[in-house]
Amino acid sequence: MTIENKTIVLIVSGGIAAYKACTLTSALVKKGANVEVIMTEGAKAFVSPVTFQALSRNPVHDDLYTEKVPHQITHIDLADRADRVVVAPATANIIAKMAMGLADDLATTVMLATKAPLWVAPAMNVNMYHHPQVQENIEKLKALNYHILDPAAGNLACGWVGKGRMVEPEEIAEALEASFNESSKEKSLDLKGKHWIVTAGPTQEKLDPVRYFTNRSSGKMGYAIAEAAARFGAEVTLVSGPTTLETPTGVERIDIESAEDMYREVMQRYEAADVVVKAAAVADYRPEQSTEHKIKKSQEALTVTFVRNPDILKTLGQQKKKQILVGFAAETDNLERYAMEKLDKKHLDMIVANNVGATDSGFAVDTNRVTLFYKNGKKRALELMSKQNVAIELCYEIGKLLKSRDAE
């Protein structure tokens, strides 16, 4: 199932990020969605309704009391037809209205009347975003099962630098598409009662108090897997190296720094796990010695001796009993050969291989192109897709392995 022919009701509220909603509208239309735009009065101060009409190819809705079709009540019609309702940008004001259950305009009445999933993309000044009342309102929306698309950190239009930038339109479009893919598999995938451990992100191997060795992993793939598994009902523990990502809803997160930290946290939970997905980019080596004081610059060459870190995946494979064990192979060449060797040597049930040298499937990007290799010799290549969609496909495949295991 895709987003094609699905009705997305896009609510645009009055913030400077309203211009991004134009890009979002265009991206959704290109994917085949039917986009119905609702603009608040504040939104019209930033972008003209004519712009959204041209991009969506539909009339723009902006008045609760104007019925464009006499036999229809506009807010009920939009609420009933919506497959998803998306608020982007969501200002502090409209978030407060949503949290209080107010219905004083077309946007808020549609949100109360619809049974469709609600997605919210906050966008505001960093100080407003971190204000306790705003955070309390966001938590209320999460408790109501609203899907919150956490804002990014960066330069803001107001001149401040910090968290508050609306997530990029392309990411919202990909996440929406992934949600329909997820919905199509819900009936055949139930992970309730299963405990998953997912590792994500890089590790940092300390040299001195200000320097460490690390890698370019952003953690996006692992976080997407943790989020998808939790949505399918699994109890998920996410063991994460340092990242800037928000903890997925319903996921227990354990923060670590080094490979030894990750080894310790994973191993003490392994016995109770049904599934372990090792998506983290764990350092193979660490400095043999790390100092408590900063190493001072000198005229001499600096030689650092490295020693091996514990091989977490290999140890898990050696101690495996009933667990489904899934590894990742991030390669730049000979993808299949290296992946199959790793699958065999580490006693895995499945390995996910991708070419990190490619610009569209490497570190820190939002898409991935992977091939799944199984211990029975089968393989399945996935086309280029968002990491959210890869995560859903991966959960689906692991779900089938769990069913086979439980049937034995």
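The name an unreviewed UniProt entry assigns to the protein is Coenzyme A biosynthesis bifunctional protein CoaBC, from the organism Pullulanibacillus pueri.

### Structural notes on the packing of aromatic side chains
Evaluated as defined, the whole model comprises one aromatic pair. Ring centres of Phe 213 and Phe 306 lie 4.9 Å apart, and the angle between their planes is 75°; this geometry places the pair in the edge-to-face category. Remark: Phe 306 occurs in strand 15 (residues 306–308) and Phe 213 occurs in strand 10 (residues 211–213); sequence separation between them is 93 residues. The aromatic ring of Phe 180 is capped on one face by Arg 84, whose charged end is 4.0 Å from the ring centroid. A cation over a ring is seen here: Arg 308 above Tyr 285, with NZ or CZ 5.4 Å from the ring centre.

### As for the UniProt feature "active site" (unreviewed entry) in the protein
Mapped onto this numbering, the UniProt entry gives "active site" (unreviewed entry) at Cys 158. Here Cys 158 shows up in the loop between strand 6 (152–155) and strand 7 (161–165). Judged by relative accessible area, which is 47%, Cys 158 ranks as partly exposed.

### Side note on the pattern of salt bridges
Evaluated as defined, the whole model comprises 35 salt bridges. Where Lys 31 meets Glu 177, a salt bridge forms, and the shortest distance between an N and an O atom there is 3.0 Å. Placement of Lys 31 in the loop between helix 1 (18–30) and strand 2 (34–39) and of Glu 177 in helix 8 (residues 169–185) is noted, with a sequence separation of 146 residues between them. Lys 31 sits in the partly exposed class, given a relative accessible area of 25%. Classification of Glu 177 by relative accessible area gives buried; the value is 17%. Taken together, the shared-partner salt bridges in this structure form one network comprising Lys 194, Asp 274, Lys 322, Arg 405 and Asp 406.

### What to know about the sheet that holds strand 1 (residues 7–12)
Whether parallel or antiparallel, the strands of a sheet pair through hydrogen bonds between backbone atoms. Read across the sheet, five strands follow the order 2-1-3-4-5 without closing on themselves; strand pairing throughout is parallel. With partners counted over all chains shown, the strands left at the sheet margins are strand 2 and strand 5 (147–148), one partner each. Inspection of the sheet shows strand 4 (residues 118–122) paired to strand 5 by two bridges, in the parallel sense. In the strand pairing of strand 5, Trp 119 is matched with His 147.

### Side note on helix 2 (residues 49–56)
By the N-cap criterion, in which a side-chain oxygen at the helix start approaches the backbone nitrogen of a residue two or three places on, helix 2 is capped by Ser 48, the distance to Val 50 being 3.1 Å. Looking one or two residues past helix 2, Arg 57 carries a phi angle of roughly 65°, positive in sign.

### Remarks on the UniProt feature "domain: Flavoprotein" (unreviewed entry) in the protein
Per the UniProt record, the feature "domain: Flavoprotein" (unreviewed entry) sits at residues 6–176. A helix fraction of 41% and a strand fraction of 20% characterise residues 6–176, whose end C-alpha atoms lie 10 Å from each other.

### As for the sheet that holds strand 11 (residues 235–240)
With respect to topology, eight strands assemble into an open sheet ordered 12-11-8-13-16-17-19-20, the strand pairing being mixed. Each having just a single partner strand, strand 12 (251–255) and strand 20 (379–381) make up the two edges of the open sheet. The average angle at which neighbouring strand axes cross in this sheet is 15°, direction not considered. With five bridges joining them, strand 17 (residues 350–355) and strand 19 (residues 370–374) adopt antiparallel strand pairing.

### A word on the side chain of Glu 36
Tracing the backbone through its elements, the reader meets Glu 36 in strand 2. Of the polar contacts made by the side chain of Glu 36, one reaches the side chain of His 61; its length is 2.9 Å. For Glu 36, the contacting residues outside a window of four places in its chain are Thr 7, Ile 8, Val 9, Leu 10, Asn 58, Pro 59, His 61, Leu 78 and Arg 81.

About the thresholds
Residues numbered from 1 in each chain as written. Predicted model: local features only at pLDDT ≥ 70, side-chain atom pairs only at ≥ 80, totals over all residues. Heavy atoms only, no water. Phe/Tyr/Trp six-rings, centres within 6.5 Å; stacked < 30°, edge-to-face > 60°. Helix = DSSP H or I, 4+ residues; strand = E, 2+ residues; numbered from the N terminus. Lys NZ or Arg CZ within 6 Å of the ring centre and 35° of its normal. UniProt positions renumbered as here; feature names shortened; annotations may be inferred. Buried < 20%, exposed > 50% of the residue type's maximum accessible area, 1.4 Å probe, protein only. Salt bridge = Lys/Arg side-chain N within 4 Å of Asp/Glu carboxyl O. Pairing = 2+ DSSP bridges. Polar contact = N/O pair within 3.5 Å; in protein donor to acceptor, adjacent residues only side chain to side chain. Axes fitted to C-alpha atoms, helices over the stretch in contact; angles between N-to-C directions. Contact = heavy atoms within 4.5 Å.

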